Amino acid sequence: MALYIGVMSGTSLDGMDIALIEMGAGITLLATHYIPMPAALRSELLGLCASGPDEVARCAIAENHWVELAAQGVNALLAQQQLSPQDIRAIGSHGQTIRHEPAQGYTVQIGNPALLAELTNICVVADFRRRDVAAGGQGAPLVPAFHEALFTGEHEHRAVLNVGGFSNLSLITPQNPVAGFDSGPGNVLLDAWIQEQRGELYDLNGQWAASGQVEPLLLKALLSDPFFQTKGPKSTGREVFNLNWLKHHLFALPTFPTQDVQATLLELTALTIVESLQAAQTHTDELLVCGGGAHNAALMTRLAQLLPQTRVNSTQVKGVDPDWVEAMAFAWLAHCCLENIPTNRPSVTGARGLRVLGGIYPA
């Protein structure tokens, strides 16, 4: 048995999730710690997702601040659990994605793993995505292999849906390799719109979206994006779907009530998830939802309405808190790297073959 820590801050940039797992006969979540993202750091990281002045220096400074926050969280978790750095085999650090352009041969996650190892005195495994991209893959999503390890059902066709800033699906079927892909926006547009219009970080339980009506003209325009016409392997990010993308479509249409725009964005998220799921897997017995979207009651209700023959539940029904699945995944990925176990899936990313993912930074 060995202990690993996973560190994850996703495209929503709301905070940093830190999970402690034990690898033994299975994968066991032992403890968690959450740190809200400071407003100044969040703003700078968002700024780095697009071209701007003095990017190299700004990036280096921002990633060091990100690492200092991660180290603070790791050390707080160790103190809470009365553990020492020597008790932890490795930290799996996703880093913060600031650019994702696999079609151009690169993906960038900042997070200075050398500094994280220095500040925690723990071996760090990081930079999980670039080896898959180097092998011709999308570099994302990487969690399907973990979803398969955690949620395989012997006789059921199951899908695992992670709704963070973006939505990705893992398709787990008997006697077949796991499949998966990004389906499109998750919370990224919902969060951006409510932040601009109401100054709120997110739409609690989808209440604002639920107060509006779907605008068919707007929905049709949003669904016309070429990304939705493609099949997996595919991945996406803020380079494609962002507030400017939404405003570009709004500019060409009549003015809609702001709550109706939010309702339409929620419908976009739900519809693109369901349509891509049904195109890839004709029948799904159960859809397990994790990530922040699992707490959006309006989204969960809409998914259930669109999938009447499928049980739609949070991963909590399997005993796994939906908030911690991704942080657990990167702790598991660290374990696999140190054990020389390939964790990309060519059926998911389109890479030329299986690869061991991650770079190792000893304590």
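Since the structure is predicted, the reported quantities are computational estimates derived from the model, not experimental observations.

Regarding the UniProt feature "binding site: ATP" (unreviewed entry) in the protein chain
Then step 1. The sites that UniProt annotates as "binding site: ATP" (unreviewed entry) are Gly10, Thr11, Ser12, Leu13, Asp14, Gly15, Met16 and Asp17.
Then step 2. Residue placement: Ser12 occurs in the loop between strand S1 (2-8) and strand S2 (15-23).
Then step 3. Classification of Ser12 by relative accessible area gives buried; the value is 16%.
Then step 4. Once residues within four sequence positions are removed from consideration, Ser12 is found in contact with Arg42, Gly164, Gly165, Asn187, Asp191 and Arg238.
Then step 5. Inspection of the secondary structure assignment puts Gly15 in strand S2.
Then step 6. Ignoring sequence-local partners within four residues, the contact set of Gly15 consists of Met8, Ser9, Tyr34, Ile35, Pro36 and Met37.

Some words on the pairing of strand S6 (residues 106-110)
Regular strands place their side chains on alternate faces of the sheet.
Then step 1. When strand S5 (residues 96-101) meets S6, the two strands line up antiparallel, connected through five bridges. The residue bridging His100 from the neighbouring strand is Thr107, located in S6.

Here's the deal with the nonpolar core
Then step 1. Residues Leu169 and Leu287 are the most contacted members of the largest nonpolar core, which totals 42 residues.
Then step 2. Among the elements that make up this core, the one with the highest residue count is helix H10 (residues 258-280) (nine residues).
Then step 3. What Leu169 contacts, discounting residues up to four positions off in sequence, is Ala159, Val160, Leu161, Ala179, Gly180, Phe181, Ser183, Ile273, Ser276, Leu277 and Leu287.
Then step 4. Judged by nonpolar contacts, the second largest core, of 34 residues, contains Cys123, Val320, Ala327 and Ala331.

Quick word on the domain arrangement of the protein chain
Then step 1. Partitioning the protein chain into domains gives domain 1 (2-139 + 322-361) and domain 2 (144-318).
Then step 2. Put simply, the middle of domain 1 and the middle of domain 2, counted by C-alpha atoms, are 23 Å apart.
Then step 3. Each side of the interface is counted separately: domain 1 has 26 residues, and domain 2 has 32 residues.
Then step 4. With both sides pooled, the region where domain 1 packs onto domain 2 buries about 2,200 Å², and carbon together with sulfur makes up 58% of that total.
Then step 5. Joining domain 1 to domain 2, the criterion identifies one salt bridge.
Then step 6. Where domain 1 packs against domain 2, one counts nine residue pairs in polar contact (both at pLDDT 80 or more).
Then step 7. Listing elements by their share of the side of domain 1 that touches domain 2, those giving two or more residues are helix H1 (39-47), S5, helix H12 (325-338) and helix H13 (346-349).
Then step 8. Considering every element that reaches the side of domain 1 that touches domain 2, the biggest residue donor is H12, with five residues.

Scoring rules and cut-offs
Residues numbered from 1 in each chain as written. Predicted model: local features only at pLDDT ≥ 70, side-chain atom pairs only at ≥ 80, totals over all residues. Heavy atoms only, no water. UniProt positions renumbered as here; feature names shortened; annotations may be inferred. Helix = DSSP H or I, 4+ residues; strand = E, 2+ residues; numbered from the N terminus. Buried < 20%, exposed > 50% of the residue type's maximum accessible area, 1.4 Å probe, protein only. Contact = heavy atoms within 4.5 Å. Pairing = 2+ DSSP bridges. Core = buried A, V, L, I, M, F, W, Y, C linked by side-chain atoms within 4.5 Å. Domains from an automatic or database assignment. Buried area = accessible area lost by both parts, 1.4 Å probe. Salt bridge = Lys/Arg side-chain N within 4 Å of Asp/Glu carboxyl O. Polar contact = N/O pair within 3.5 Å; in protein donor to acceptor, adjacent residues only side chain to side chain.

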